[in-house]
Every structure is written in structure tokens, then in C-alpha cells.
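Geometric and topological summary
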Amino acid sequence: MSAALTMRTDLSPTDEPQVLLRALALCKGYARGRTFGRNRPSIEVLRAVDLKIRAGSTLALIGPSGSGKSTLGRCLACLERPDSGEILFAGKGLVSLTPRELIPFRRQIQLIFQEPAAALNPRFTAVEVVSEPLLISGRGTKKERKERAIDLMALVGLPAHLGDRSPFELSGGQRRRLVVARALALEPKLLILDEALAGLDLSTRAQISNLLLELQKVCSLTYLFISHDADMVAHFADEVAVLHEGEIVTLGPPRLPVCSRSPHTDQSPAVTAAFSRLSGLSRQ
Amino acid sequence: MIHFLAQRLARALFVLFGVSVLTFVLIDLAPGEYFQAMRLSPQISRETVAALRIEYGLERPLPARYLRWLGSVSRGELGFSFAYNSPVWPLLRTRTGNTLILTFSALACSWLVAIPIGVMVASRAGRWQDRIFGIGTAFLQATPDVLIGLGVLALALRVRWLPTGGMYAPATSEIEGSGKMKDLVLHMVLPVLALTAGMLPVLVRHVRSAMLEVLDTPFITAARGHGIPPCRILFGYALPAAANPLISMFGLSVGALLSGSLLIEVIMSWPGVGPMLLEAILQRDPYVVVAVVLFSTLFLVAGSLLADVCLYIADPRIRVE
Amino acid sequence: MNHMYKKKIWFAALSLASVHVLVLGAGFFAPYDPAEQHRDAPFERPMRLHIFDSHGRFHLRPYVCTWVNEGNSLGPPRYAEDCSHTWPLRFLVREETHAPRAALGPARHLLGVDAPGRVFLLGTDDYGRDQLSRLLYGGQVSLFAGLLATGLSLGLGAILGCIAGYFGSWPDDVIMRVAEIFMALPWIYLLFALRAFLPLNLGAGQPFFLLISVIGLAGWARPSRLVRGVVLSAKQRDFVHAARGFGASNVYILRRHILPEIMGVVLTQAALLISQCILAEITLSFLGLGLGEPAPSWGNMLAGLQKYYVLENCWWMLVSGLALVPVFLLYHLLADALCAHFKAPGLSRKGRMTIEKLQVAI
């Protein structure tokens, strides 16, 4: 690992984990078209959403399609402004900040998009993609940026010789790793993963999820994991929130075995035990 | 449907209004004016010129003049021509009619020729017919309208079959009825030919590409599989499916023909709005210029509106929107 | 497949470049000054280059004879060839006249004949001016009017399209409404309306640039619409959102992500728009609204053909119109090839423009 990436040692395991991100009563609606500059009545996507993510943990956000998960992710990543409510990041309110004031906070919260092919500019090379955040924030010389980009790629398991290739020439799994590498460039504290494991075959999915878990330990990251598939997040998350039609319905630790989708179902002790064993294995 | 139409009409009106303002401002801000020549002439006194200017309202500020012109439009006069010393509309009426005769005939001719050629060429894509027509249309498209007009005229002068200028032979005022009609048609042949030749390559190209896109689709292959004769497939199945871009193109072709007809009218001395506009610009007769430009816009907008309505009727997808 | 288009692009671009170099070098390639009149030789036919003389002897250096007017001075001229005096063609002829640039040394012309012989390879017009020279000098005006006007149209259109597409809301509304107004006029009428804004007589020099601005202004609307479309779709791409998440400024995003997307559209538009602007200049000059005499332009060279006598008998006067055909063919070829080139994989479906949709010409 490059010396530039340090392990966070200031948080000892016995400390009470602090709340890194807190969302209070977030509301967001979308206007349907414009008539001469005025917006027509809107569709409400988020209704008074309350969330809390503890530092170093993983919160999974699940819900059916159309429940507003991606919108919530984008609001928390400060890509869109909520209509009302507040977002507190390490205690600092974000909603009322100007775009310029928001910049340092946006860098600490990174969104990993659903479709990596769309999130990568096909005209860039892999190294350019990863070093872009460094370029934008003006860190280092060109050489230093390139070196750091290669280090980041190594961190996510991409060999250096892929650096000159266009994202189009990489496989789906490699592209996802590239997107993660780019997101880590500015050493963020919170990663919002929007359907990061969707559309992958089982082995790639296992690889990527292992990578994410490892990175979480090494770089002391906090994750908000958005998915429509409850099974996928089961062994991943410390806590699960369910979003239904714009509202948080339940919030709590994951209790799902692999055969059930609803968090309310009871399960047999044997299944629970088998499940814990499985999760214990995958977390090592 | 009503809502759609109302929306489009409102837009059209806004555009016409905008065009009238734009043209009015441009012409008004132009240097030189109709009375310039008079001013330079030593025989006419300054006071006369000044009085004339006040009479024609040239002393007033621009917005006042525009409003005055709008009033004149609402009365049906469309402003006043200094050169002809008469309201503009009577001058424009016959001329507009003449231009429209030419434009519509050329529109009909070019589409009636372009569609069969385009369909034929699309059905034989890649073969020698396609290549020959491809080269031919490329050359025709590369020939400027000026050259086409002059070329057609030169040919006619050599061959001497057709009258080469004007709209009617000088003696036709005595002939009535079908004789006059025949004379008109004879005089129309050359300008319509020139206009059609100019429009044809573009239209054929569009028809061809629209047809090619449709001919690739599964439902055409299925129709062929059912044993439907190729002619029927092409004109009964493929062409209606390809109608969308062609209807839009129809709207655009009206504009193209209006532009082309201006030049052809000047070259072939056809008494349409083209020569009138040219004359008005050279003489600095502002209201005539504004009126002519507005009319041409009106026809183009009407053509697009018609195309929009046809598209609305023809394509159910637009109705759902 | 991409191979073919690259070859076509190179071929078209190089051919066009050589044509432009040829007209730029009109001072060298043209045997005469375009305004130089030879009143005694109106509407002379193009001179024939003889290699074999009347006795059948071969001459390495081609020669021309004189035309003698056999008609009476009142009627139209009728020329017959008189080979009693032959004028062999000379190359790299030194210019004898009082050129103002004599300070740089006498200018040289590619070909000429000894005085008092004359060589009119493409005939003369009603003032006896050499058509070949006028063709070359006129090309400067017409071809470069097209290029410069296109630059203006595209520059303005691209900037406004970017602003409208990127910033949305009221700049978008305003710009698109104005563009709609400009597009509502048939292009010749728009051209005329804008041209009427300028003084009637335009000489060479500064007024020429005014004329170019008029032609350029007439054509900004459609490019701006197309650019706006591309910008709108590019703006919503996730990599733009990602860049914003890193704190990228609008300038950075426009420069690094959006600009490369619009290049394809802009270049293809350029090839089509140039031929359109050349046509606009030709039309204006033909009708007497372009550059004034004696500055030659391919348009006003054709103006003399409006008389029936000239049209019937003096076919060589059409040469400027005929010269346009290969130029336009090359530009259309270039546009086709560029369009196909930018249909590269990697470009989204929305980014692909077919040449039909781009048919700006109208």
C-alpha cells in the first residue's frame, strides 16, 4: 500500500462509534415539465426521511424499484438538493451551504453509480479517470497524480498495465473496480454504493464485495449500501433500512436468512445459526 | 387534438410576431432611406423632403412607427410603399399569388417525382440503379440553384420550344379561358423544372434513407415471407411506416422552395414576390420588404404547421405524448 | 469500415486545401489583373492552345493566335481566328505593369505572352476582362467568404447552444425562442433582411467582412439547436455528475467532458455549412447585393448571363458556376465521411447524427 493511504488509528475499538451522517425529515419532489419557466405540480419521491449512519459501519438501504432509493442517495451525496429537511455530516449542516462551501464536504462523500459504463467517460484512459478527482482539486503534479492513480488501481486490484486502456476495453468487473478507485482518490469518509453489486455474476460479485469489505477496514470507510435485493446486503450490512414509497419503514440489524425477503418473517434457529456461520466466514 | 393545435398556433403566432419585429428593426436601422436620392437632388428643396418625411411618419421613433405599421396591418394595408405610392397589400396580392402558383406546382412535382425514385432506389440499394442515381443526385445537389436556373434557360433558348420568360405572353390579355391556362402552363414549365431539379436530390436522398430504415425492420421481412407482391410491400407497407421523417421533410421543403423560387423568379422574370423584394431593397422601400419577408415566413410556418398536424394524425405515438 | 472514411476525409480535405491554395495564389496563377479591361475584346471566346501549326509542325511550346472581330462595331462581335501572328506561351513571366508592390521586385505570373499579344484561356466578359484571372481572384472572395461566415455561424451557434443546453432555465428559453424566429424565415429571405441592414454598395476590404457577418448571422440557429441537444444529453451523463461530486467547476466540465462531445457535430456541420455560405455569397453577388464592381466574385461573374444574348452565345461565362460543382461535391463528400467517422462505437446513440438530420441547407 502507498504511504499516502494511512490507517485510521484514532478510533479505537472501544469508543462508541459516532454518527457520521444524519438525515432529518428529507423531502424531495420532481416537477413534471416546465411551462414558460414555471414548474408544474410535482411528484413526491421522498417523504420526511430520517436516517443515521455510524462511522465505520455499513447501512443498507433496501426497497422496491421506484421507492426513491437512488434519489435519497443522490441527495445525501449532495448531487441534488432536497426540498426540505437537513443533512448533518459530522455535525455540520449541508443543506444550507452554498455550492462553493459544499465542495470540501462533497469530496468526503462519494457516490458510486449504478452503471459504471455510464459513469466513465469513454474518451479518458483508466489512469485519467482515477486521477481526475486529484486534477480537479489541484493536488500534486501530473507525475504525482499518475503515481497515486496507479496506487489506487492496485488497491482495488487492477494491474498497472490497464492504465492506458479506455474503460470500454475493460470488463464489467474491472470497470466497477475503476469506479471505486476513482471514488477513493480524495480519501472520502462515506461511500454511497448505489446498486454496486447489481448485474454481476456470482464470482465477480463475491470478489467485489470482498474488496469493499477490505477497503472498509483499511481506509476506515463508512458505507451506505443501496440495493433492491435484500439477500445481497444481508451479510454486508450492520444495519438495514427499508424504504417504501419515500418513507423509511423499518430500521434495524439484518435478520434475514437467505430464503426470506421480508425483515418481518420469523426464522428457525437452525437457519439462523447456519447463516451466522456463513456470514462469519465471509467477513474474514 | 385541440390542445395540440392551440399550442402550435400560439407558437406560430409568437414566431410571426417575432419575425415582424426583427425584420422591422433591421430594415429600420439600415443606413440610407428612400428619400436619400431626393435629398441629394438639388431640384427638390429641403423643406419638401422634410415635409414628405413627416407625412410618411419617418420622423417618429421606432416603436411608434412599428405600432403604426401594426395598425396598418390590421386594416389590411400592410404598410405603405414609397416607390409605388400605394398601400402594400394590393401590390403584393397578385405577386404573392404568382409565387404561390409556382411554389405549389414545384412542391407537388418534386415530391411526386422524388417518392417513386426514392422508393425504387431504396429497394435496389447497392445495385447499379442505386449507384447511378446516387451519382446523379450528388452532381445535381452540388450544382448551385443559380447554375440550374441559368442552365435550364440556356437550354430553352437553344431549343426554342418554350417561352423563356414572364408569366403570360404579352398578347394573352385578349385570350380567355383555356387558352390562357395553356399559356400559363407553358410559361410555368421552365421555372418549375428548375425548382424541381434543385429540390429533387435532397428529397430523393431523404426518401431513400427513410425507406432503407424501414425495409430493415422485421415486419417487412414478415410481409415478404407472406408472399405479398414487392410493389405492394413498398408502397402499401414500407412507405407509410417511413412517413414520419418525410412529413417533417415536407414542412422543410416548403421553406426551401420559397427560397429557391426567389432566385428563379428573378432569373426567369416571373412576376412573383422575388423581384419585388429585390427592387424594394435596392430602393430602400422598407414596408414592402417587411411585408414580403413576413409573407414568406407565413407560408413556411403554415407549411410546418400542416406537417405537424399530418404527423399528429399519422403517428399515434405523438398523440400519446 | 472506418478505414474508408478516413481515406475519403483525407482526399476531400486535401483537394479542398489545394483549391484554396490555388485561389490564394491568384496573384501568381492569374495572367492578368482582374480589373484590367481590354475594351477592344469584349466577349472573346477562349483562346485555343495550338501545338501543331497549320503546316503540321509540332511546337513544344504551345501558342495562341488572335481573335479578330469580323462583325461590325455596332452589332454583336463575331470572332475569327487569325494566326498570322502567333504568341508562344511563356512561363514565369515578369509583370511589366506599375504594380504598387514594385518595391518587392516585379511580380511574376505563371504564364503569359509577350506584349501586345494576349492570352485569354477562358475568354473575356463584356469589358474585356480575362475570365481566368477573375475566376481565380473571385475564388478568394467566394470560397473564403464561405469559410469565414461558417466560422462565425458555428462559433456563435456552438457558444449559444452550450449556454442554452448547459445552464437551462431562462437562458435556454430565450435562446431557443430567438433561434426559432431565425429558423422561421426561409433562408434567402433571412439573408436578404440581414443584408438590407448594410449599405447598398460594398467594396472590398472592411465591407467584405460586414457581408461575411451577415451571412454568418443568418446561419447560427440550426447549429445552436443541434449543439444544445448534444450538450443536454452529455450533461446528464453520470461521469459529469461524478466530476461535479469532486468539485469540478462548470468551466472544467464544459471543457473536458462536453466539448469533445460537440466536436463531432460541429465538424460535420461545418462541411455542410461552408457550401451553404458559399452559395449565399454567390446568390447575393449574382443579384447585385454582394461585393460591388470591379471586385470579382463567382456570383457577380454570373450576373452578366442574365442577358439572353450572353446566355445563348457566351458559354464560357458559366465557368464560375461550373467551378462550384467540384467544390460542392468535395464538401458534401467531406460531410458524409465525417458523419460516418463520428458514428464511432463508444458514442451514445443519441450522439450520432445522420447526415439527413443535419441537412442544414434549407
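Residues numbered from 1 in each chain as written. Chains lettered and ligands numbered in written order. Predicted model: local features only at pLDDT ≥ 70, side-chain atom pairs only at ≥ 80, totals over all residues.

The next point concerns the overall build of chain A. Per the secondary structure count, chain A includes nine helices and twelve strands. The contacts in chain A between residues at least 6 apart in sequence include a share of 68% that link residues at least 24 apart. (Helix = DSSP H or I, 4+ residues; strand = E, 2+ residues; numbered from the N terminus. Contact = placed C-beta atoms within 7 Å.)

Another point: the overall build of chain B. Within chain B, the secondary structure is distributed over 14 helices and two strands. Along the three orthogonal principal directions, the C-alpha set of chain B runs to about 85 × 55 × 40 Å. In chain B, 72% of the contacts between residues at least 6 apart in sequence involve partners at least 24 apart.

For the rest of this paragraph, the subject is the confidence of the model for chain A. All names here are of chain A. Of all residues in chain A, 79% have pLDDT values of 70 or greater, and the mean over the chain is 76. Of the regions scoring below 50 in pLDDT, residues 1-16 engages in eight contacts with residues more than four places distant in sequence or in other chains. Throughout residues 257-268 the model reports pLDDT below 50, and contacts reaching past four residues in sequence, or to other chains, amount to 16 contacts. (pLDDT = per-residue confidence, 0-100.)

Across soluble globular proteins, you tend to see nonpolar side chains buried next to one another. Residues Ile192, Leu224 and Phe225 of chain A together with Val292 of chain B are the most contacted members of the largest nonpolar core, which totals 243 residues. Ranked by residues supplied to this core, first place goes to helix α9 (residues 250-286) of chain C with 16 residues. When residues of this core are sorted by domain, at least three fall in each of domain 1 (2-88) and domain 2 (93-320) of chain B. (Core = buried A, V, L, I, M, F, W, Y, C linked by C-beta atoms within 7 Å. Buried ≥ 20, exposed ≤ 12 C-beta atoms within 10 Å, placed from the backbone. Domains from an automatic or database assignment.)

On to the sheet that holds strand β1 (residues 50-52) of chain C. All names here are of chain C. The three strands are arranged β1-β2-β3 in an open sheet whose pairing can be described as antiparallel. In this open sheet, the two edge strands, each paired with only one partner strand, are β1 and β3 (79-88). Adjacent strand axes in the sheet meet at a mean angle of 45°, parallel and antiparallel pairs treated alike. Sheet topology note: the strand β2 (residues 58-69)/β3 ladder contains six bridges and is antiparallel. Its bridge partner being in β3, Thr66 is matched across the sheet by Asp82. (Pairing = 2+ DSSP bridges. Axes fitted to C-alpha atoms, helices over the stretch in contact; angles between N-to-C directions.)

Looking now at the pairing of strand β10 (residues 222-227) of chain A. All names here are of chain A. Judged by how many residues are buried, β10 sits mostly within the fold: six of six residues are covered. Side-chain alternation along β10 places Thr222, Leu224 and Ile226 on one buried face and Tyr223, Phe225 and Ser227 on a second face that is also buried. Bridge count for strand β5 (residues 58-62) against β10 is five bridges, and the pairing is parallel. Bridge pairing in β10 places Leu59 opposite Leu224. One crossover worth recording links strand β9 (residues 190-194) to the parallel β10 by way of helix α7 (residues 202-219), and it is right-handed. (Right-handed = clockwise from strand over helix to strand, strands pointing away.)

On to the interface of chain C and chain B, then. Facing 38 residues of chain C, the contacting portion of chain B comprises 46 residues. When contributions to the side of chain C that touches chain B are tallied by element, the ones reaching two or more residues are α4 (169-184), α5 (187-196), α9, α11 (308-313) and α12 (319-341) of chain C. With seven residues, α5 of chain C is the single largest residue contributor to the side of chain C that touches chain B. Of the residues that constitute the side of chain C that touches chain B, the class distribution is 30 nonpolar, five polar and three charged. (Nonpolar A, V, L, I, M, F, W, Y, C, P; charged D, E, K, R; others polar.)

Opposite the 22 residues of chain A that make contact, chain C presents 18 residues. If you list the elements that add at least two residues to the side of chain A that touches chain C, you get α2 (99-108), β8 (109-112), α3 (116-119) and α4 (126-136) of chain A. Per-class residue counts for the side of chain A that touches chain C are 13 nonpolar, four polar and five charged.

All names here are of chain A. Relative to the 18 Å expected for 13 residues at 1.5 Å per residue, helix α6 (residues 172-184) spans 19 Å between its end C-alpha atoms, a close match to the ideal helical length. Among the 13 residues in α6, eleven count as buried, and that is most of the element. Three or more residues of α6 are buried, namely Gln174, Arg175, Arg176, Arg177, Leu178, Val179, Val180, Ala181, Arg182, Ala183 and Leu184. Check the buried side of α6 and you find it contacts β8, α3, α4, α5 (142-155), β9 and α7. (Expected span 1.5 Å × (residues − 1).)

Across residues other than glycine, the phi torsion is negative in most instances, and most of the peptide bonds are trans. Residue and element names in this part refer to chain A. In this structure, Ala48 is a non-glycine residue whose phi angle is positive, near 45°. One can find Ala48 in strand β4 (residues 42-54). Under the C-beta neighbour-count criterion, Ala48 is labelled partly exposed, with 13 such atoms within 10 Å. Non-glycine residue Glu195 carries a positive phi angle of around 50°. Residue position: Glu195 is located in the loop between β9 and α7.

Attention shifts here to the pairing of β8 of chain A. All names here are of chain A. Residues Ile109 and Leu111 line one face of β8 and the alternating positions Gln110 and Ile112 line the opposite face, and both faces are buried. Alignment of β8 against β9, held across four bridges, turns out to be parallel. When the bridges of β9 are listed, Gln110 appears paired with Leu191.

Turning next to the sheet that holds strand β1 (residues 19-31) of chain A. All names here are of chain A. Taken in spatial order, the four strands line up as β4-β1-β6-β7 in an open sheet, and their pairing is antiparallel. Because the sheet does not close on itself, it has two edges, and the strands there are β4 and β7 (92-93). Where β1 and strand β6 (residues 84-89) come together, five bridges link them in antiparallel fashion. Note on β6: the bridge partner recorded for Arg22 is Leu88. Across the sheet, helix α1 (residues 69-76) is in contact with β1, β4 and β6; its angle to β1 comes to roughly 120°.

Note that predicted coordinates carrying low pLDDT should not be read in detail. With 90% of its residues at a pLDDT of 70 or more, chain B shows a mean pLDDT of 84. On the interface metric, ipTM, the complex scores 0.86, and its pTM is 0.82.

A common way to state how big an interface is: give the accessible area lost once the parts meet. All names here are of chain B. Domain boundaries assigned for chain B yield domain 1 (2-88) and domain 2 (93-320). Centre-to-centre separation of domain 1 and domain 2, based on C-alpha positions: 32 Å. Contact with domain 1, which involves 23 residues of that partner, is made by 17 residues of domain 2. Going through the elements one at a time, α1 (2-29) and β1 (80-81) are the ones with two or more residues in the side of domain 1 that touches domain 2.

Before going further, it helps to examine the packing of helix α3 (residues 131-167) of chain C against α12 of chain C. All names here are of chain C. It is at 10 Å that the axes of α3 and α12 come closest, and there the two elements cross at 45°. It follows that α3 is oblique to α12 by the angle criterion. Crossing of α3 against α12: the hand is right-handed. Where α3 approaches α12, its residues Gln131, Leu135 and Gly138 are matched on the opposing element by Val319, Ser320 and Ala323. Within the contact of α3 with α12, the residues separate by chemical class into three nonpolar, three polar and no charged. (Parallel < 35°, antiparallel > 145°, perpendicular 65-115°, else oblique. Left-handed = near helix turned anticlockwise from the far one by under 90°.)

Once that is clear, we can look at α7 of chain A. Residues and elements named next belong to chain A. For α7, which comprises 18 residues, the first-to-last C-alpha distance of 25 Å matches the rise-based estimate of 26 Å (1.5 Å per residue) to within 8%. Buried residues of α7: Ile208, Leu212 and Leu215, and no others. Projection of α7 onto a plane perpendicular to its axis shows the buried side chains occupying an angular sector of 65°, all on one side. Exposed side of α7, more than 90 degrees from the buried face: Leu202, Ser203 and Lys217 are the residues found there. Elements in contact with the buried residues of α7: α6. (Arc of directions from axis to C-beta.)

Moving on: the environment of Pro253 of chain A. All names here are of chain A. Relative to the assigned elements, Pro253 resides in the loop between β12 (247-252) and α9 (269-282). C-beta crowding within 10 Å serves as the criterion here: with 9 such atoms nearby, Pro253 is assigned to the exposed category. Taking the C-alpha atoms as reference points, Pro253 and Glu214, separated by 39 residues in sequence, lie 21 Å from one another. In contact with Pro253, other than residues within four places in its own chain, are Asp238 and Glu239.

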